[in-house]
Amino acid sequence: MTDIGDTATETCGYSTSEVQKYLKAAVDMAIGQDEYQHGMVSEIHQNIVDYASKKINTIRPPSVKVIITCTIVQNTGAGFHIGNATRWDDNTDKLVKYQFQNKSMTIIVNAYLVQS
């Protein structure tokens, strides 16, 4: 898990540590102790994104838009790369990440929180 610290709520209107807590809870709720199952990936992905979005929407100010992304990869020994580029105001816009890994899969969930 990537620890990004906490952003003062007066800067952006929400706590990034609380957002990260919701991302972790979404993954925990969706997979529990399960191993990677190809036939379940779409459902797991949808459950993570829906839960995280629902919880984050309860704490975000109306002026903040939320984009949730989720990547689920089976651990087969092959590498994978994920990249992104943003152009925003570092004082108000944030990226909060959570990474989960067990012996069979890696899950990376990102929440982009952008002032409108």
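For the structure, check the block above.
First things first, this report covers the structure right here in the doc.

Cut-off values and rules
Residues numbered from 1 in each chain as written. Predicted model: local features only at pLDDT ≥ 70, side-chain atom pairs only at ≥ 80, totals over all residues. Heavy atoms only, no water. Salt bridge = Lys/Arg side-chain N within 4 Å of Asp/Glu carboxyl O. Helix = DSSP H or I, 4+ residues; strand = E, 2+ residues; numbered from the N terminus. Buried < 20%, exposed > 50% of the residue type's maximum accessible area, 1.4 Å probe, protein only. Expected span 1.5 Å × (residues − 1). Arc of directions from axis to C-beta. Contact = heavy atoms within 4.5 Å. Core = buried A, V, L, I, M, F, W, Y, C linked by side-chain atoms within 4.5 Å. Axes fitted to C-alpha atoms, helices over the stretch in contact; angles between N-to-C directions. Left-handed = near helix turned anticlockwise from the far one by under 90°. Pairing = 2+ DSSP bridges.

Bringing the pattern of salt bridges into the picture now. For the structure on display, the rule yields 1 salt bridge. Residues Lys24 and Asp28 are paired through a salt bridge, measuring 2.6 Å at the closest nitrogen-oxygen approach. Placement of the pair is Lys24 and Asp28 together in helix H2 (residues 16–31), with a separation of 4 residues, close to one helical turn. According to the relative accessible area criterion, Asp28 is partly exposed, its value standing at 35%.

Helix length check: H2 (16 residues) gives 23 Å between terminal C-alpha atoms against 22 Å at 1.5 Å per residue, within 8%. If you check which residues of H2 are buried, you get Thr16, Val19, Gln20, Tyr22, Leu23, Ala26, Val27, Ala30 and Ile31. On an axial view of H2, the arc spanned by its buried residues comes to 155 degrees, and they lie on one face. Lining the buried residues of H2 we find helix H3 (41–57), strand E2 (94–101) and strand E3 (105–115).

Core analysis: the biggest nonpolar cluster contains 27 residues, and Ile48 and Ile107 have the highest contact counts within it. Those elements that place two or more of their residues in this core are H2, H3, strand E1 (64–74), E2 and E3. In terms of residue count, H2 provides more of this core than any other element does, 7 residues in total. When residues no more than four places from it in sequence are discounted, the contact partners of Ile48 are Ala26, Val27, Ala30, Cys70, Ile107 and Val109.

Right, let's get into the packing of H2 against H3. Angle between the axes and distance between the axes: these two values describe a pair of packed helices. The contact between H2 and H3 brings their axes to 8 Å, and the two run at 145 degrees. Once H2 is placed against H3, the crossing between them reads as right-handed. Where H2 abuts H3, its residues Val19, Tyr22, Leu23, Ala25, Ala26, Val27, Met29, Ala30 and Ile31 lie against Ile44, Asn47, Ile48, Tyr51, Ala52, Lys55 and Ile56.

With respect to burial, E3 is a largely interior element, 9 of its 11 residues being buried. Here E1 pairs with E3 via 11 bridges, running antiparallel. Note on E3: the bridge partner recorded for Gln74 is Met105. Where E2 meets E3, 8 bridges bridge the pair, whose relative direction is antiparallel. Residue pairing for E3: Lys94 is matched across the bridge by Leu113.

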